[in-house]
Amino acid sequence: PEDRDKLTRDYLAIVKSAVKDNKIPAQLIMNIDQTVCHITPANNYTMAPRGSAQVPQFGKDDKRAITALLGCTTTGRLLKPQLIYEGRTARCHPQYDFPLGWHISQSPNHWSNADTMMEYLEQVLIPYVQRTRVRLGLPEDQQAMLILDVFAAHREAKFKEACTDAHITTVYVPASCTTFLQPLDADGGVNHALKNHLAEQANNFRRQQRRDALDSHGNIRLDWKPETKISMLKPVHAEWIHKSFEKVKKDKDLIRKGWEKCGIMDVIKDLVQ
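Given the structure is predicted, the values throughout are model-derived calculations rather than measurements. (Residues numbered from 1 in each chain as written. Predicted model: local features only at pLDDT ≥ 70, side-chain atom pairs only at ≥ 80, totals over all residues. Heavy atoms only, no water.)

1. Quick word on the layout of surface pockets
If you add up the space inside the second largest pocket, you get close to 200 Å³. Forming the walls of the second largest pocket are 13 residues, and the residues nearest its centre are Arg77, Leu79, Lys80, Tyr128 and Arg131. Only α2 (114-135) and α6 (230-250) provide two or more residues apiece to the lining of the second largest pocket. Considering each element in turn, the lining of the second largest pocket owes the most residues, five residues, to α2. In terms of residue class, the lining of the second largest pocket is made up of six nonpolar, two polar and five charged. (1 Å grid on protein atoms, 1.4 Å probe; cavity = no way out; pocket = protein on both sides within 12 Å on 5 of 7 lines; lining within 4 Å. Points joined across faces, edges and corners; volume = space filled by probe spheres on them. Helix = DSSP H or I, 4+ residues; strand = E, 2+ residues; numbered from the N terminus. Nonpolar A, V, L, I, M, F, W, Y, C, P; charged D, E, K, R; others polar.)

2. Digging into the sheet that holds strand β4 (residues 103-107)
Taken in spatial order, the six strands of this open sheet run β4-β3-β2-β1-β5-β6, and their pairing is mixed. Of all the strands in the sheet, the pair left with one neighbour each is β4 and β6 (168-172). Across the sheet, the mean angle separating the axes of adjacent strands is 25° when strand polarity is ignored. For strand β5 (residues 144-148) and β6, the ladder comprises five bridges, and the chain directions are parallel. When the sheet's bridge partners are listed, leucine 146 is paired in β6 with threonine 170. (Pairing = 2+ DSSP bridges. Axes fitted to C-alpha atoms, helices over the stretch in contact; angles between N-to-C directions.)

3. Thoughts on helix α7 (residues 252-261)
Those residues of α7 not exposed but buried are Leu254, Ile255, Gly258 and Trp259. When α7 is viewed along its axis, its buried side chains cluster within an angular range of 150° and face the same direction. Of the surrounding elements, those touching the buried residues of α7 are β1 (29-38), β2 (65-73), β5, α5 (190-212), α6 and α8 (264-268). Just beyond α7, the residue with positive phi is glycine 263, at close to 85°. (Buried < 20%, exposed > 50% of the residue type's maximum accessible area, 1.4 Å probe, protein only. Arc of directions from axis to C-beta. Contact = heavy atoms within 4.5 Å.)

4. Brief notes about the packing of α5 against α6
The axes of two packed helices give the description: the angle between them and the distance between them. Two numbers describe how α5 lies on α6: the axes approach to 9 Å, and their chain directions differ by 135°. Here α6 runs oblique to α5, going by the angle between their axes. Crossing of α5 over α6 shows right-handed handedness. Mapping the contact onto sequence places Val190, Ala193, Leu194, His197, Leu198, Glu200, Gln201, Ala202, Phe205 and Gln209 in α5 and Met232, Leu233, Val236, His237, Trp240, Ile241, Lys243, Ser244, Phe245, Lys247 and Val248 in α6. (Parallel < 35°, antiparallel > 145°, perpendicular 65-115°, else oblique. Left-handed = near helix turned anticlockwise from the far one by under 90°.)

5. Some words on α6
Helix length check: α6, at 21 residues, gives a terminal C-alpha distance of 30 Å against a target of 30 Å (1.5 Å per residue), a fit within 8%. Every buried residue belonging to α6 is among Leu233, Lys234, Val236, His237, Ala238, Trp240, Ile241, Ser244, Phe245 and Val248, and all of these are buried. On its buried face, α6 is in contact with β1, β2, β3 (82-86), α5 and α7. (Expected span 1.5 Å × (residues − 1).)

Shown next, in the form of structure tokens:
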């Protein structure tokens with residue numbers, strides 16, 4: 001936006017004021033964001049006969065995906081995720097033993113909506129806030145802060161009311177400013193790292209498929225293609241998500257850097273411990 005500097009100043013002032021006025025601890029300053037995770041992430045290599053005029057890139061046009069809703073705190077903690085699959089019932093979920101506390105849901109187009117947001121709030125975010133208050137010896141009405149973008153489902157009346165009832169202050173990132181004012185979406189941040197790890201898992205899987213397709217002479221058919229059936233890929237992709245999430249979760253410096261890049265750590269550094 002042309003008024004980027006003013007939007008940034010106003011936004012950071014709101015964040016600072018909310019933290020100061022409510023004495024919000026670092027563990028209760030949170031950001032959530034949705035990111036699309038393709039079932040077959042596109043890669044930058046392929047296989048074709050030498051001299052081919054056109055070389056297709058596997059996965060480039062495959063639109064099958066899920067939505068991952070991630071959350072983090074200024075302390076470098078990654079909250080339990082929500083994964084949204086395309087479908088109308090839980091039958092669309094993969095046959096995979098997800099970790100305890102992960103919320104697995106669905107929507108007709110795999111996009112986050114008002115219903116899935118309420119599920120996340122009730123099953124992931126509010127329980128985390130309540131446990132943290134108890135752990136820190138804080139009162140039940142200790143205010144928390146949730147930073148999120150202006151996506152329609154985040155501005156639904158019932159969602160905002162539920163946050164208010166749970167003593168969670170909502171602060172919205174200005175429109176068109178998420179890449180430099182939202183911690184999870186910051187350049188090279190959590191969302192970016194998760195997708196890189198996913199792509200790495202997918203590439204390793206494809207390489208193993210090619211090795212398995214070699215004959216006794218070490219040759220492979222040029223018309224060979226990786227498995228693309230969704231029924232087979234869903235549980236495999238779930239494992240990729242799991243492993244990728246665990247890698248990002250361990251990198252607390254990466255998570256904190258997202259907050260630093262957005263300027264939030266600078267404005268709250270004297271207000272939190």
